[in-house]
Amino acid sequence: MIRLDALSARFRADTGLGGGGAALVLTRGLERIGWRSVREPTPEVLASYLVMLLDACVHEHRDLAALTHGIAAVFRDAGPNLDGGLPPIEAYLPAAEELLQHYMNNDLSERPTPIP
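Conventions and cut-offs
Residues numbered from 1 in each chain as written. Predicted model: local features only at pLDDT ≥ 70, side-chain atom pairs only at ≥ 80, totals over all residues. Heavy atoms only, no water. Helix = DSSP H or I, 4+ residues; strand = E, 2+ residues; numbered from the N terminus. Buried < 20%, exposed > 50% of the residue type's maximum accessible area, 1.4 Å probe, protein only. Contact = heavy atoms within 4.5 Å. Areas by Shrake-Rupley, 256 points an atom, 1.4 Å probe, with all protein chains shown as cover. Polar contact = N/O pair within 3.5 Å; in protein donor to acceptor, adjacent residues only side chain to side chain. Core = buried A, V, L, I, M, F, W, Y, C linked by side-chain atoms within 4.5 Å. Expected span 1.5 Å × (residues − 1). Salt bridge = Lys/Arg side-chain N within 4 Å of Asp/Glu carboxyl O. Phe/Tyr/Trp six-rings, centres within 6.5 Å; stacked < 30°, edge-to-face > 60°. Lys NZ or Arg CZ within 6 Å of the ring centre and 35° of its normal. 1 Å grid on protein atoms, 1.4 Å probe; cavity = no way out; pocket = protein on both sides within 12 Å on 5 of 7 lines; lining within 4 Å. Points joined across faces, edges and corners; volume = space filled by probe spheres on them.

Description of the overall build of the protein chain
Along the backbone of the protein chain there are five helices and zero strands. Put simply, the protein chain runs from its N terminus to its C terminus through helices and strands in the order α-α-α-α-α. Evaluated residue by residue, the protein chain yields a buried proportion of 41% over its 116 residues. The long-range fraction of contacts in the protein chain, counting pairs at least 24 apart against all pairs at least 6 apart in sequence, stands at 64%. As displayed, the protein chain has an accessible area near 6300 Å², and 57% of this comes from carbon and sulfur atoms.

What follows is the structure in C-alpha cells.
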C-alpha cells in the first residue's frame with residue numbers, strides 16, 4: 001500500500017532541484033509492467049502525461065484513489081483496441097497500482113506484467 005506522504009516525498013525529490021525527474025522513473029515503471037509491447041504511445045511519451053497526474057495529486061487533490069483511477073483511465077485510452085471494444089477502466093487498476101509501486105520503489109526488476 002502506498003502512502004500519500006511517501007508518494008509526495010518521492011515526487012518532490014524527483015522533481016526538485018537536482019532530481020532526475022519523475023518521467024524517467026515512470027518510464028522505467030511502464031516498461032516493467034509491459035507497456036513497451038503496446039508500441040504507441042511509447043513509455044516515454046506516456047510517462048510525460050502521467051507526471052501531470054502525479055503533480056495534480058501531490059499539489060492539488062491529494063487523493064491516491066483518484067490518481068490510480070486517472071492512471072487506469074490513461075492506460076485504457078492509450079492502450080490497444082484489439083477487438084473493437086474496451087474493458088472498463090477498473091480492469092486497468094491493477095496495472096496502475098503496480099506502476100505506482102514500481103515508481104515508489106524505483107524498481108529495476110525485469111518481470112513484465114501484461115496490460116489487459
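Digging into the side chain of Arg 10
Counting through the fold element by element, Arg 10 comes out in helix H1 (residues 4–15). A distance of 3.3 Å separates the side chain of Arg 10 from the backbone oxygen of Met 104, its partner in a polar contact. Beyond its immediate sequence surroundings of up to four residues, Arg 10 is in contact with Val 25, Tyr 103, Met 104, Asn 105 and Asn 106.

Examining the nonpolar core
Core analysis: the biggest nonpolar cluster contains 30 residues, and Leu 30, Phe 75 and Tyr 103 have the highest contact counts within it. Those elements that place two or more of their residues in this core are H1, helix H2 (22–32), helix H3 (43–61), helix H4 (64–78) and helix H5 (93–105). It is H3 that provides the largest number of residues to this core, a total of seven residues. Ignoring sequence-local partners within four residues, the contact set of Tyr 103 consists of Leu 7, Arg 10, Phe 11, Asp 14, Ala 22, Val 25, Leu 26 and Leu 54.

A word on H5
Think of an α-helix as 3.6 residues a turn; residues three or four steps apart then line up on the same face. Along its 13 residues, H5 runs 18 Å from first to last C-alpha, staying within 8% of the 18 Å computed at 1.5 Å per residue. When we look at burial in H5, the residues that qualify are Ala 95, Ala 96, Glu 98, Leu 99, Leu 100, His 102, Tyr 103 and Met 104. Residues of H5 that are buried in the fold lie against H1, H2, H3 and H4. Phi for Asn 106, located one or two positions after H5, is positive at around 50°.

A short note on the pattern of salt bridges
Across all of its chains, the model carries six salt bridges by this definition. Asp 77 is the partner of Arg 76 in a salt bridge, and the nearest nitrogen-oxygen pair spans 3.9 Å. The class for Arg 76 is partly exposed, based on a relative accessible area of 23%. In this structure Asp 77 comes out as exposed when scored by relative accessible area, which is 60%.

Digging into the packing of aromatic side chains
Applying the stated criterion across every chain, the model contains one aromatic pair. One Lys or Arg, Arg 10, reaches over the ring of Tyr 103 and ends 4.9 Å from the middle of that ring.

Examining the layout of surface pockets
In this structure, the largest pocket occupies an estimated 210 Å³ of space. What lines the largest pocket is Met 1, Ile 2, Leu 64, Ala 65, Thr 68, Glu 97, Leu 100 and Gln 101. Broken down by secondary-structure element, the contributors of at least two residues to the lining of the largest pocket are H4 and H5.

Considerations on unusual backbone geometry
Among all residues save glycine, negative phi is the norm, and among peptide bonds the norm is trans. For Arg 62, which is not glycine, the phi torsion reads 55° and is therefore positive. Residue placement: Arg 62 occurs in the loop between H3 and H4.

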